[in-house]
Structure formats: structure tokens, C-alpha cells
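Topology and contacts: notes
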Amino acid sequence: MDGNFYIVSTPIGNLSDITLRALEILKNVDYIACEDTRVSRILLDKYSISSKLFDCHKFNEKERSEKIISLLNEGKNIALISDAGTPLISDPGSVLINELYKNNVKITAIPGACALIDFLSLIPRDSEEFSFIGFIGRTFKSQAEIINKYKYSNLVFYESPNRLKDTLNNILEISGENTKIAVGRELTKVFEEIKIGKISEIIDYYNHNPIKGELVVMIFAANGNSTEDDVLKEKIQILKNEGYSPKDISKIISKLYGENKNKIYKLSLN
Ligand code: SAM
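Residues numbered from 1 in each chain as written. Predicted model: local features only at pLDDT ≥ 70, side-chain atom pairs only at ≥ 80, totals over all residues. Heavy atoms only, no water.

Attention now moves to the nonpolar core. Judged by nonpolar contacts, the single largest core of 28 residues is most densely connected at Leu 168, Ile 171, Ile 181 and Ile 253. Residue assignment places this core across two domains, with domain 2 (116–219) and domain 3 (228–269) each supplying three or more. Apart from the residues within four sequence positions on either side, Ile 181 is in contact with Leu 168, Ile 171, Lys 195, Ile 196, Gly 197, Ile 199, Ile 202, Met 218, Ile 219 and Phe 220. (Core = buried A, V, L, I, M, F, W, Y, C linked by side-chain atoms within 4.5 Å. Buried < 20%, exposed > 50% of the residue type's maximum accessible area, 1.4 Å probe, protein only. Domains from an automatic or database assignment. Contact = heavy atoms within 4.5 Å.)

The next subject is helix α1 (residues 20–28). Buried within α1 we find Ala 22, Leu 23, Ile 25 and Leu 26. On an axial view of α1, the arc spanned by its buried residues comes to 165 degrees, and they lie on one face. What points out from α1, more than 90 degrees from its buried face, is the exposed set Leu 20, Glu 24 and Asn 28. Where the residues of α1 are buried, they touch β1 (5–8), β2 (31–34), α2 (37–46), β4 (78–80) and β5 (107–110). (Helix = DSSP H or I, 4+ residues; strand = E, 2+ residues; numbered from the N terminus. Arc of directions from axis to C-beta.)

The subject of this paragraph is helix α6 (residues 140–149). By the burial criterion, the buried members of α6 are Phe 140, Gln 143, Ala 144 and Ile 147. End-on, the buried residues of α6 take up no more than an arc of 100 degrees, which puts them together on one face. The elements touched by buried residues of α6 are β7 (154–159), α7 (164–175), β10 (215–219) and α10 (246–257).

This part takes up the packing of aromatic side chains. Scanning all chains against the criterion turns up four aromatic pairs. Look at Phe 132 and Tyr 158: their rings are 5.0 Å apart centre to centre, the planes differ by 70 degrees, and that puts the pair in the edge-to-face class. Pair noted here: Phe 132 is in strand β6 (residues 130–135) and Tyr 158 is in strand β7, with a separation of 26 residues, a long-range link. Through successive ring pairs, a cluster of aromatic residues spans Phe 132, Phe 135 and Tyr 158. Above the face of the Phe 54 ring, Lys 67 is positioned so that its terminal group lies 4.3 Å from the ring centre. The ring of Tyr 257 is capped by Lys 235, whose NZ or CZ atom sits 4.3 Å from the centre of that ring. (Phe/Tyr/Trp six-rings, centres within 6.5 Å; stacked < 30°, edge-to-face > 60°. Lys NZ or Arg CZ within 6 Å of the ring centre and 35° of its normal.)

This part is about the site of the ligand. Taken together, the neighbourhood of the ligand is formed by 18 residues, with Thr 86, Asp 91, Ala 115, Tyr 158 and Leu 215 sitting nearest. Note that an oxygen atom of the ligand is positioned 2.9 Å from one of the backbone N or O atoms of Ala 115. Measuring from a nitrogen atom of the ligand, one finds a backbone N or O atom of Leu 187 at 2.9 Å. Notes on the ligand: free accessible area 570 Å², of which the protein chains cover 90%. Among the detected pockets, the ligand sits in the largest pocket. For the shell around the ligand, the secondary-structure elements that each account for two or more residues are β7 and β10. Along the lines of polarity and charge, the residues of the shell around the ligand split into ten nonpolar, three polar and five charged. (Near = heavy atom within 4 Å. Polar contact = N/O pair within 3.5 Å; in protein donor to acceptor, adjacent residues only side chain to side chain. Areas by Shrake-Rupley, 256 points an atom, 1.4 Å probe, with all protein chains shown as cover. 1 Å grid on protein atoms, 1.4 Å probe; cavity = no way out; pocket = protein on both sides within 12 Å on 5 of 7 lines; lining within 4 Å. Sits in = over half its atoms within 2 Å of the grid points. Nonpolar A, V, L, I, M, F, W, Y, C, P; charged D, E, K, R; others polar.)

Encoded structure:
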């Protein structure tokens, strides 16, 4: 296999956020595989890059892998880019890269913008540790499973503006009112905004301000001092305030979080 293959990071909003090496590679390759040719054309035109473009997205990745391998065999150099940021980070490319490894293709990544990393560099944290899960699930149940699983780690995820309010309300219900979160919106763009605070403050802020653009969210690691029972008690109190009986509360919490029914029943009697 004679051709070279590059995974090239592109900007996440501000078109100047692209490295000199990325521009040089994109100018010199024979082909650029991208998610959507219309989106990538804007960036390539700005930098007068005329390498041939073809699409490679989650619906045709497998078939495109064959085309890319045969072009590499002909000695062509190819770059993969996504609509924004770093390919394969909540973006297509995994199927293709797997195929390339199987075919012993040498792969070079050209690092650059990534919303996750840009966001993390802006958020003060007590610990370096974080868990990134890409886009968070949509249902309350799937969110509860993930949020409880990563309770003691800083949990970072991508979320759409249309779902942010529901997700924030779910976080309040799942993790309690003492939960601290951070939201990064429109990173690197003119209306970039970072909000850090208790979940209720952030909910209140977005109840009074529009949620437009792209978002990254972090739920800070739960304080190791608060015990599992404290977190359960907070959930029980929320349901009590809604008028649920201890019997109903034990049923609901055990079903949602897999907790022991009797334990919840006893805690909710206090
Ligand atoms: N590959 C990209 C990266 O490196 O960040 C992520 C692609 S994923 C399909 C798109 C999601 O990333 C958006 O829905 C949003 O959650 C997040 N994102 C991308 N650009 C962003 C930005 N400028 N500000 C905040 N979040 C952003």
C-alpha cells in the first residue's frame, strides 16, 4: 500500500482554528473524504484547497472503505475530515479506520480542535479524571443509568439545545439539588458562553435565556463525602414532596435505579 492516510481535525466554529500542518496535508492529498461535501466546501474554499472531495458518512462508510483502500493501493494520498472538530469523536470514521488497520494502512492523525477538549480546558476541576460518553441518551431511564454509573467522576457529554432543558431537569431529579454542573455553548464562536453552578441555578438561567447553538455539558463528580444513602434520601424527599407514599416511593426508586425496595421503604419512613 503506497498511499498515505491522514485523519485531520478541522475547526469547531471559528474557521481560523486549523493548524498549518492540517492545511498543508489537505492541500497536498489527492482526495478528502468528508461527512458532507457542502459543509466541508466552505472550509476548503476559505483556504483555497482544491483537493477532490467525496462523502464518507455513517451510512456509506463500509462501502467507502473499499474505495479508499483501492485508492491507497494506487498510491493516492487521502485525508478524512468530519463536519467539525476531530473525526471519530462522536463522528463517523470508526468503521473505516478499523478496515484500514486490518489492511495494515499507516494512519496519521493531525490533531486540532475538539469541543470536548476545548471545554475541559475552560472548566476548573478538582480532579483531572473525567468520563466522556459522547451524546447522552434521551430517556430518563438511560440518563439515570449513565449518571449513576459515573457519579464519582466528572461526566462530560454532548447534548442538543432542544433537549438541554429536559436533561437538566432529569439531572436535578437523578443527582439531587447539590449537583454542580458546567455548560459550554458555542465554543470558539462569537457567542461563546460558559455557565458553571448548581443545577437549579443553571436551570433557572436557561429558563430565562435562549438555548441556541452547540453544547457540551459536565456533571461534576459527586462529593465523596456524601454517602449513597444521602443521595437516595434526596430522591425520596423529591417524591415525598410530590405526595407519593413510602410504598409507591420504594416501588418507583427500585424500578428506576435497581435499589432494594425494603431499604427504600425504610428510608422513606423517616
Ligand atoms: N467531532 C466533534 C468534536 O471534535 O468535538 C464533535 C462532533 S458531534 C457530531 C457534534 C457535537 O459536538 C455538537 O452537537 C455539540 O454537542 C458538540 N460541539 C461541536 N462544536 C461545538 C461548539 N463549537 N461548542 C460547543 N459544543 C460543540
